[in-house]
Amino acid sequence: MKAPKLVAGDEIRIISPSRSLSMIAIEQRLLAEKRLEELGFKISYSQHALESDEFVSSSIRSRLDDLHDAFLDPNVKGILTTIGGYNCNQLLRHIDYSIIKANPKRICGYSDITALSNAIYAKTGLITYSGPHFSTFAMLHGNEYTIEYFKKMMIWDETVNITHSEKWSDDLWFLDQENRSFINNEGPYVINDGEAEGTIIGGNQCTFNLLHGTEYMPSLVNSILFLEDDYEAYPQTFDRDLQSLIHQPSFGEVRGIVLGRFQKSANMNKELLIKIINSKRELDKIPVIADVDFGHTSPQITFPIGGQVSIKAYNKKIEISIAE
């Protein structure tokens, strides 16, 4: 099940199911709002978006009410999360999934939102989206690719063929918009050759692993995993989290893996990543692609959790084609 594409004039609701909107500087909120308005959207904010407690979040009830209200409001056509965090999975048992199923809308975010996005897909069949937060739209420079792929997935009605960005960044852009560091992008590379088609699930790997053994874990059957991790991950933790995923009962039905870009502080390099992947015999016969433009670096694609993807990976020739 997929929600209608967004069109000019649609209202997008900003919700904070993880950390609070209060942690985003006012000038950056205004920048993000302006950027989205330039795309033709109207922006509204959930009632409790700015609430903030000792975890820079808000109560389960506040976050739950805002999520339900966003899906129930007939004027709202799209939903963007403020930012990630650590506690989105607190909501999963309390959500009224019948509300979401009866009012399908495009909800987008990444990082900690991985738990919510995959749970919604698992419980309702509604395609959700891993892509920019509301706060992402406040980036002044180096954000064109992110916005282009957001439009391709959320607005345009066509298959999305992924080509890599020219440059990428992993800096504290929100502290200084003008003092930025950009790196030439060599593009993705192949670890295991092959081709496959399947259903996209995944997102932030350490968050995705929180769903193991629960009713909120999507089926791995005929899936292609899109996985990335952030600055808190290291080669050792990525290895064990991937191993945990491989131990899932139906992992043998996974058709391929697409890995996003690691942050610099993760201290992952190409040789080490290849060694980790090659150490898993369960991955020998499926295609594995690395360094695709998604994750906690910028820019990033938007991809549908529950959508369909075709991948081809042979030597230096890579094709990734996504459809809903």
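S.K.: Account for the pattern of salt bridges, naming residues and giving values.
M.R.: A complete count under the given rule lists 13 salt bridges for this structure. A salt bridge links R61 to D65; the shortest N-O distance between them is 3.0 Å. Separated by 4 residues within a single helix, R61 and D65 lie in helix α2 (residues 60–72), roughly one turn from each other. On the accessibility criterion, D65 (26% relative accessible area) is partly exposed. K123 is paired through a salt bridge with E215; the nearest N and O atoms lie 2.5 Å apart.

S.K.: Tell me about the pairing of strand β3 (residues 76–81), residues and numbers included.
M.R.: Within β3, 5 of the 6 residues are buried, leaving the element largely enclosed by the surrounding structure. For strand β1 (residues 11–15) and β3, the ladder comprises 5 bridges, and the chain directions are parallel. The residue bridging I12 from the neighbouring strand is G78, located in β3. In the sheet, β3 pairs with strand β4 (residues 106–109) via 3 bridges, with the strands oriented parallel. Residue pairing in the sheet places G78 in a bridge with R106 of β4. Crossover handedness for the path β3 to helix α3 (residues 97–102) to β4: right-handed.

S.K.: Now, about the nonpolar core: what can you tell me, with residues and values included?
M.R.: In terms of nonpolar packing, the biggest core is built from 50 residues, with I95, L116, L225, F251, I257, L259 and L273 touching the most fellow members. Among the nonpolar cores identified, the runner-up in size contains 45 residues, and M139, F150, I224 and F303 belong to it.

S.K.: How would you sum up the sheet that holds β3? Please name residues and give values.
M.R.: Sheet architecture is open: 6 strands sit in the order β2-β1-β3-β4-β5-β14, paired in mixed fashion. Whereas interior strands pair on both sides, the edge strands pair on one side only; in this sheet they are β2 (42–45) and β14 (303–305). Sheet twist, expressed as the mean angle between neighbouring strand axes with direction ignored, is 30 degrees. Contacts from helix α1 (residues 26–38) reach β2 and β3 within the one sheet, and its direction differs from that of β2 by about 140 degrees.

S.K.: Which residues make up the environment of L91, and what values go with them?
M.R.: Mapped onto the elements, L91 comes out in the loop between β3 and α3. Using a relative accessible area of 0% as the deciding quantity, one classes L91 as buried. Residues L91 and S59 lie 32 residues apart in sequence; the distance between their C-alpha atoms is 9.8 Å.

S.K.: Describe the pairing of strand β12 (residues 256–261), and please don't skip the residues or the numbers.
M.R.: When you tally the buried positions in β12, you get 6 out of 6 residues, the bulk of the element. In the sheet, strand β11 (residues 223–228) pairs with β12 via 4 bridges, with the strands oriented parallel. The partner of F226 across the bridge, within β12, is V258. In this region the chain leaves β11, passes through helix α7 (residues 235–246) and returns to the parallel neighbour β12; the handedness of that crossover is right-handed. As defined by bridge partners, β12 adjoins strand β13 (residues 288–295) across 4 bridges and the pair is classed as parallel.

S.K.: Describe empty space enclosed by the protein, listing the residues and the values that go with them.
M.R.: Scanning the entire structure with this criterion turns up 2 cavities of 30 Å³ or more. Its residues assigned to classes, the lining of the largest cavity comprises 4 nonpolar, 5 polar and 1 charged. Approximately 30 Å³ is the volume attributed to the second largest cavity. The wall of the second largest cavity is formed by L6, I12, G78, I79, L80, R106, F150 and M154. Of all elements in the fold, only β3 and α5 (144–154) reach the threshold of two or more residues within the lining of the second largest cavity. Partitioning the lining of the second largest cavity into residue classes produces 6 nonpolar, 1 polar and 1 charged.

S.K.: So what's going on with the packing of aromatic side chains? Residues and values would help.
M.R.: Taken as a whole, this structure holds 9 aromatic pairs when the rule is applied. Within the aromatic cluster, the residues linked to one another by ring pairs are F226, F294 and F303. Seen from the ring of Y189, K270 lies directly overhead, with NZ or CZ sitting 4.6 Å from the centre.

S.K.: Tell me about the sheet that holds strand β10 (residues 194–204), and please be specific about residues and values.
M.R.: In sheet architecture, strand pairing relies on hydrogen bonds along the backbone and comes in two forms, parallel and antiparallel. Spatially, the 8 strands line up as an open sheet ordered β6-β16-β15-β10-β11-β12-β13-β9, and their pairing is mixed. The open sheet has two edge strands with one neighbour each: β6 (160–161) and β9 (189–192). The pairing of strand β15 (residues 308–314) with strand β16 (residues 317–323) spans 7 bridges and is antiparallel. In the strand pairing of β16, I311 is matched with I320.

Calculation notes
Counting restarts for each chain: residues are numbered from 1 in the order of the written sequence. Where local features are concerned, this predicted model is filtered to residues with pLDDT of at least 70; where side-chain atom pairs are given and counted, the filter is 80 or more; whole-chain, interface and lining totals use all residues. Computation of side-chain values covers all heavy atoms of the structure but excludes hydrogens and water. Salt-bridge detection follows one rule: a side-chain nitrogen of Lys or Arg within 4 Å of a carboxyl oxygen of Asp or Glu. Secondary structure elements are defined from DSSP: runs of H or I of at least 4 residues count as helices, runs of E of at least 2 residues count as strands, and each element is numbered from the N terminus. Per-residue accessibility, obtained with a 1.4 Å probe over protein chains only, is compared with the maximum for each type, and a residue is labelled buried under 20%, exposed over 50%, and partly exposed between these values. DSSP calls a pair of strands paired once it identifies at least 2 bridges connecting them. The crossover handedness rule: strands pointing away from the viewer, path from first strand over the helix to second strand clockwise, crossover right-handed. Only buried residues count toward a nonpolar core, which is a set of Ala, Val, Leu, Ile, Met, Phe, Trp, Tyr and Cys residues joined through side-chain atoms within 4.5 Å. What counts as an axis is a line fitted to C-alpha atoms, over the stretch in contact for a helix, and the angles between N-to-C directions run from 0 to 180 degrees. Contacts are residue-level and defined by heavy atoms, with any inter-residue pair within 4.5 Å sufficient. Only protein atoms enter the 1 Å grid, on which a cavity is a set of points fitting a 1.4 Å probe that cannot get out and a pocket is an open set with protein on both sides within 12 Å along at least 5 of 7 lines, lining residues being those with an atom within 4 Å of a point. Grid points are joined across faces, edges and corners, and a volume is the space filled by probe spheres set on the points. For this classification, Asp, Glu, Lys and Arg are treated as charged, while Ala, Val, Leu, Ile, Met, Phe, Trp, Tyr, Cys and Pro are nonpolar and the rest, including Gly, are polar. To pair, rings of Phe, Tyr and Trp, with the six-membered ring standing in for Trp, must have centres within 6.5 Å; the planes then decide the type, stacked if under 30 degrees apart, edge-to-face if over 60, and tilted in the middle. Note on geometry: a ring has a charge over it if NZ (lysine) or CZ (arginine) is within 6 Å of the ring centre and within 35 degrees of the ring normal.

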